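Single-letter residue listing:
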Amino acid sequence: MLVAVVVMVGFGAVISTQASATLQDDVESDLETLSETRTNELDAWLGSVQREAVLTSQLEPVRSGDGDAVDRALTDQLESGAVPPNVVAIHYLDTSSMVFTESTNDEFEGISPAEMGAPFATDPPEFDGPNDVYVSEPFTVPAVDHPIIAVVTPVPGVEDRALVYMTDLAKRSEALSGANQDTSTVVVNSAGNYVAHPNESKILTDHEGHSMNATMLASGQTTFMDGGETLMASTAMETKDWVVMIHSPKETAYALGAQINSDLVGLVLLAIINLGLVGVTIGSNTIISLRRVSERAETMADGDLEVDLATTREDEIGALYRSFQDMRDSIREKIVEAETARSDAEEARTEAEDARMRAEQEAAEMESMTSHLESKAAEFGDVLSDAAAGDLTRRVDPDSNNESMQSVGQSINQTLDSLEQTIARMKAFAGDVSAASDQVGTNADRVDKASEQVTNSIAEIFDGTTEQSQRLESASGEMENLSATAEQVASAAQQVATTSQEAAEVGEEGREAAQRAITEMSAIEAETGETVQAITDLDDELDEIGQIVSVITQIVEQTNMLALNASIEAAHADASGDGFAVVADEIKGLAEETKEAAGDIENRIDGIQSQASETVETMESTSERVTDGVSTVEEAIDALERIVEHTEEVDTGIQEIDDATEEQARTAQEVMETIDELTTISQQTATEADTVAGAADDQSQSIEQVATSARELHERADDLEQALSRFDTRVDVDGTGTAAAAATDDD
Amino acid sequence: MFGLTTWFTIGTVGMVVGTVLIAYGVTLVPAERRRQLGLAAIVPAIAAAAYGLMALGFGGFTTADGGTVFIPRYVDWLLTTPIHVAIIALIVGASTGLIARLATLQAVTIVLGFVGATLASPLNWVLYALGSAVFAWVVYLLFTECEALAAEESDNVAALFRKLRSFVVVLWLVYPMIWVLAPAGVGVMDVETAALVVTYIDVVAKVGFGLIAINDFASMAAATDTTASVDADLGDGPQAAD
């Protein structure tokens, strides 16, 4: 809202500024135009007055100089309206006497303008020619009541005569200013006096205010001035050095701008008022409505669903209200539904309560029934307990409001009846059994004793047989040992025999090996002899080589000597013997080398000879040792032959032992078989005895069991009798009871 | 073409129509509120008389600095603006003392404005400042003491109070602006334009005030009726559910 106001004010200010500026320009140009127009008008008027004066001066009657004719012509001229406006009189001036001789205004005839102070008379102008015109400055004369401008022109053809056009400046001023009331037109001459002014009295007075005058402007030029209170446009005249000024009060000139500004301000204010109005009514209405809606909503939120949401508005606020109303209604429905559901639940709860009550009632009934049943059961229990304790005479009272219980009571009574009878019968039967079992016990004892004696005899037989069997078994064991030992001996002898045979074979092999060794040794001995012979031969050969080498050595020494002689000869000879000397030197060198080689060979032969003699010695000692070895091997052969003979003797002995042992083993086997048979027989005897003993034992035990059973039967019968005695039975059940009682008494 | 007389005539017509409208509106509101609204109807009636006089050319008064002051207008304001302030205070049930204080201060504002308008610069500005200060005091009272009273009233009444208070405060703030811009102040606006603007704002403020008050009271009464009927409808609902 505030922004809208500011925008409006700003926009108004812009419009105002623009309009004012345009308006000022317009006003300025208007004033300038007006000023120029007025100047042109004034120029035209003054020009026309001058032209008219010249034209009139050239009229025939005027040039005639005849007084009446001039007067008539001037009067006609003036009255015919041919003169420009504001020309009030035309005078005919005698410039020599300075008197108006004729005039359109008869009052002026004969008057001297100089006496009246007219400037054209007091200071007569000089004319350059007949068409020259003089325009006076404004002046006043006593004879007329308005300021005057006089236009003077000489009359051609007549001496010292001139025409004077008198103009009414006041009227002219009125004509200038009259067109526009907002502006005032003044004319100022070069002397700074008003030539024309709307206020007649100001004419010819000094121009006030600014120093504008004709000197400041070139002819026809226009200028504009802002004089504070007033605006002014000035234009210099062309026909005269006067300035026409248009004054316009600023207030009036700019009245349109002020009006526009005023209207703009008014418009802005109206807009502000309307904005305020809209803001206050619509704005506050909306705010109030929204606040109201929000309060209602809060009330609703606090749980009050009865809040008033009715509205007749059709706008968005109304829609909001209706939305809230819908929401409220829907919430209400939900609450109603919830309450219905709650009441349903309560109903269900009440039903459940009733059901529970009924159940409790039933439970109470059940309880009374139960207690009745319990008391009944207790009663039944008592009777049954008594029955269990032995009193079978009691009966229950079967009367009950429960049919089942009643039938149970009746059943109990029937059962007790049956039980009483059964017990009575059992008592009688127990007595009978007891008597019978007693007799069985006695007989069994006797049989038992007899069988015990049989058992003892059989045990003795068994013991004897068992001992015999054991002894036979030990004999058999010993025989088995004997047999085993003999077999071991036999096998050991066999082993010895085998070993001795192997030894004999080895001895034979040894002898044969020794025989081969002797042969080999003899061969070695022979080869050694041959080798010795060969070495001796070698020695001889070497000796011969030594002799040859000695010969070579002698030859070399002789050669050397020859070479020496040759070199001496060469030295004796002159230069031609030089080549000989060289050969001699060469020979000498070769001889020396040969001598060295021969020496070397000699040394090596000496080494070989000494080695050969060592070898011979070694060979000889080897030969001796081989001879010794042969004799030793021959001794070994003899020893081995003796071993073989001994071994064969051992083998024979062992074979004999082996045969004896085998026979012994065979005999032991036969003894053992016999013993085994004996053992089997005695074992069978023992087994038989054992079987008899077991049978006797079994018999004894059976009899014992019979006796025990009889005793137990007797005891049971007694127990039964005793047990049955707990039960009181009515004697008058039936006849059997009496018999049973009698039987019991018998025992 | 359009001049002071035109604006004043239009103002007169506007005020007469407004008076008729408000007077008719008064018959629509509940009886207990008629007295307050009767006052609201008197306001445009007084203004209509003042504008009638001015349209007929009476009451124009040329001041020291050449401006024109219309005496009937200030008389109108002297009577009507305290009435408006009093109505606003009455709506929230202000005490007689408070109402008297507000009305007096408002009357003083007008008197200072009138005297200021007749005087030349700078004395007129002094009185203008004094008048503005007194008006600010009125506004202050409306926003403090009266607001406190409004808080205790019902929502509808408080809302109407706030609406009328905003209406008066916002529109009346335009008057000092006009005063400043018109010949009484800087004189940017001429007498005719100022008269047009003042006429417009007068009609709007006086008639609008009355119409807003009537509208709200009438809708309040209608809402009360509607609420009652809605309550009646809703009252059956939950009982039926039970």
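What you see is a predicted model, and the numbers here were worked out from it, not measured in a lab.

Some points on the overall build of chain A
- For chain A, the count of helices and strands is twelve helices and ten strands.
- Here chain A holds 747 residues, and 20% of them are scored as buried.
- When contacts within chain A are restricted to residue pairs at least 6 apart in sequence, those whose partners lie at least 24 apart make up 67%.

A short note on the overall build of chain B
- On a plain count of helices and strands, chain B comes out with nine helices and two strands.
- Ordered by position from N to C terminus, the α and β elements of chain B give α-α-β-β-α-α-α-α-α-α-α.
- Within chain B, the proportion of its 242 residues that are buried is 43%.
- The long-range fraction of contacts in chain B, counting pairs at least 24 apart against all pairs at least 6 apart in sequence, stands at 72%.

Digging into the interface of chain A and chain B
- Taken together, the contact between chain A and chain B spans 27 residues of the former and 29 residues of the latter.
- Looking at the side of chain A that touches chain B, the elements with two or more residues in it are helix H8 (255–301) and helix H9 (316–389) of chain A.
- Broken down by element, the side of chain A that touches chain B gets its largest block of residues, 21 residues, from H8 of chain A.

Quick word on the environment of Phe-143 of chain B
Residues and elements named next belong to chain B.
- Within the secondary structure layout, Phe-143 lies in helix H5 (residues 123–143).
- Taking the C-beta count within 10 Å as the criterion, Phe-143 has 13 such neighbours and is therefore assigned partly exposed.
- Taking the C-alpha atoms as reference, Phe-143 lies 8.5 Å from Arg-165; in sequence the two are 22 residues apart.

Considerations on the sheet that holds strand S4 (residues 148–154) of chain A
Residues and elements named next belong to chain A.
- With antiparallel pairing, the five strands of this open sheet are ordered in space as S2-S1-S5-S4-S3. Only two strands of the sheet have a single neighbouring strand rather than two, namely strand S2 (99–103) and strand S3 (134–135).
- In this structure, strand S1 (residues 87–94) lies alongside strand S5 (residues 161–168), joined through seven bridges in antiparallel fashion. Paired with Val-87 across the strands is Thr-167, a residue of S5.
- The sheet strands contacting helix H1 (residues 2–57) are S1, S3, S4 and S5, and the helix crosses S4 at an angle near 35°.
- Contacts from helix H6 (residues 169–177) reach S4 and S5 within the one sheet, and its direction differs from that of S5 by about 45°.

Describing the pairing of strand S10 (residues 243–249) of chain A
Residue and element names in this part refer to chain A.
- With six of its seven residues buried, S10 lies for the most part within the structure.
- Two strands pair when backbone bridges link them, and strand S6 (residues 184–188) and S10 are joined in this way by five bridges, in the antiparallel orientation. Looking at the pairing, Thr-185 lines up with Ile-246 of S10.
- Sheet analysis places strand S9 (residues 230–236) next to S10, joined by seven bridges and oriented antiparallel. Along S10, the bridge assignment pairs Thr-235 with Val-244.
- A loop of six residues connects S9 with S10, the two strands running antiparallel in sequence.

As for the pairing of S6 of chain A
Residue and element names in this part refer to chain A.
- Most of S6 sits out of view: four of its five residues are buried.
- Relative to strand S7 (residues 194–196), S6 runs antiparallel, the two sharing two bridges. Paired with Val-187 across the bridge in S7 is Ala-196.

Considering the confidence of the model for chain B
- Of the residues in chain B, 90% have a pLDDT of 70 or more, and the chain-wide mean is 84.
- Taken over the whole predicted complex, pTM reads 0.49, whereas the ipTM for its chain interfaces reads 0.82.

Remarks on the packing of H8 of chain A against helix H8 (residues 174–181) of chain B
- Put simply, H8 of chain A and H8 of chain B touch, their axes get as near as 11 Å, and they point 175° apart. Accordingly, the angle class assigned to the pair H8 of chain A and H8 of chain B is roughly antiparallel. Counted together, Val-265, Leu-269, Ile-272, Ile-273 and Gly-276 of chain A of H8 of chain A and Val-174, Met-177, Ile-178 and Leu-181 of chain B of H8 of chain B form the full contact between these two elements.
- Here the residues of the contact of H8 of chain A with H8 of chain B sort into eight nonpolar, one polar and no charged.

Quick word on the environment of Ile-552 of chain A
All names here are of chain A.
- Assignment of secondary structure puts Ile-552 in helix H10 (residues 403–572).
- By the C-beta count within 10 Å, which is 17 here, Ile-552 ends up partly exposed.
- C-alpha separation for the pair Ile-552 and Lys-595, spaced 43 residues apart in sequence, amounts to 7.9 Å.

Here we look at the packing of H8 of chain A against helix H7 (residues 155–172) of chain B
- In the contact formed by H8 of chain A and H7 of chain B, the axes pass within 9 Å of each other and the chain directions differ by 160°. Looking at the two axes, H8 of chain A sits roughly antiparallel to H7 of chain B. Handedness of the crossing formed by H8 of chain A with H7 of chain B: right-handed. When H8 of chain A is examined against H7 of chain B, the residues Ile-273, Gly-276, Leu-277, Gly-279, Val-280, Ser-284, Asn-285, Ile-288, Arg-292 and Glu-295 of chain A are found in contact with a partner set consisting of Asp-155, Ala-159, Arg-162, Lys-163, Ser-166, Phe-167, Val-170 and Leu-171 of chain B.
- Here the contact of H8 of chain A with H7 of chain B is composed, by residue class, of eight nonpolar, five polar and five charged.

Description of the sheet that holds S9 of chain A
Residues and elements named next belong to chain A.
- Taking strand neighbours across the sheet as the criterion, the five strands line up as S7-S6-S10-S9-S8 in an open arrangement whose pairing is antiparallel. Of all strands in the sheet, those bounded by a partner on one side alone are S7 and strand S8 (222–227). Each strand axis lies, on average, 30° off the axis of its neighbour in the sheet, ignoring direction.
- Contacting S6, S8, S9 and S10, H1 crosses the sheet at an angle of about 40° to S9.
- Lying over the sheet, H6 contacts S6 and S7, oriented at roughly 70° with respect to S7.

So, the nonpolar core
- In terms of nonpolar packing, the biggest core is built from 81 residues, with Ile-88, Leu-164, Leu-171, Ile-178 and Ile-201 of chain B touching the most fellow members.
- Residues within four places of Leu-171 of chain B in sequence aside, it is in contact with Ile-273, Gly-276 and Leu-277 of chain A together with Ile-201, Val-204 and Ala-205 of chain B.
- Counting 55 residues, the second largest nonpolar core, distinct from the first, contains Leu-42, Ala-73, Val-155 and Tyr-165 of chain A.

Quick look at the environment of Ile-605 of chain A
Residue and element names in this part refer to chain A.
- Along the polypeptide, Ile-605 turns up in helix H11 (residues 578–726).
- Between the C-alpha atoms of Ile-605 and Asp-539, which are 66 residues apart in sequence, the distance is 9.3 Å.
- Residues within four places of Ile-605 in sequence aside, it is in contact with Leu-542, Ile-545 and Gly-546.

Things to note about unusual backbone geometry
All names here are of chain A.
- Positive phi, normally seen in glycine, also occurs at Asn-86, with a value near 70°.
- Checked against the element boundaries, Asn-86 lands in the loop between helix H3 (67–79) and S1.
- Owing to 19 C-beta atoms within 10 Å, Asn-86 belongs among the partly exposed residues under this scheme.
- Although it is not a glycine, Met-98 sits at a positive phi angle of roughly 55°.

Let's talk about the confidence of the model for chain A
All names here are of chain A.
- On average, residues of chain A carry a pLDDT of 81, and 95% of them reach 70 or more.
- The least confident element of chain A, judged by mean pLDDT, is helix H12 (residues 735–746) at 43; the most confident is H9 at 89.
- Low confidence marks residues 732–747, where pLDDT is under 50. Its contacts with residues over four positions away, or in another chain, come to 26 contacts.

Quick notes on the rules
Residues numbered from 1 in each chain as written. Chains lettered and ligands numbered in written order. Predicted model: local features only at pLDDT ≥ 70, side-chain atom pairs only at ≥ 80, totals over all residues. Helix = DSSP H or I, 4+ residues; strand = E, 2+ residues; numbered from the N terminus. Buried ≥ 20, exposed ≤ 12 C-beta atoms within 10 Å, placed from the backbone. Contact = placed C-beta atoms within 7 Å. Pairing = 2+ DSSP bridges. Axes fitted to C-alpha atoms, helices over the stretch in contact; angles between N-to-C directions. pLDDT = per-residue confidence, 0-100. Parallel < 35°, antiparallel > 145°, perpendicular 65-115°, else oblique. Nonpolar A, V, L, I, M, F, W, Y, C, P; charged D, E, K, R; others polar. Left-handed = near helix turned anticlockwise from the far one by under 90°. Core = buried A, V, L, I, M, F, W, Y, C linked by C-beta atoms within 7 Å.

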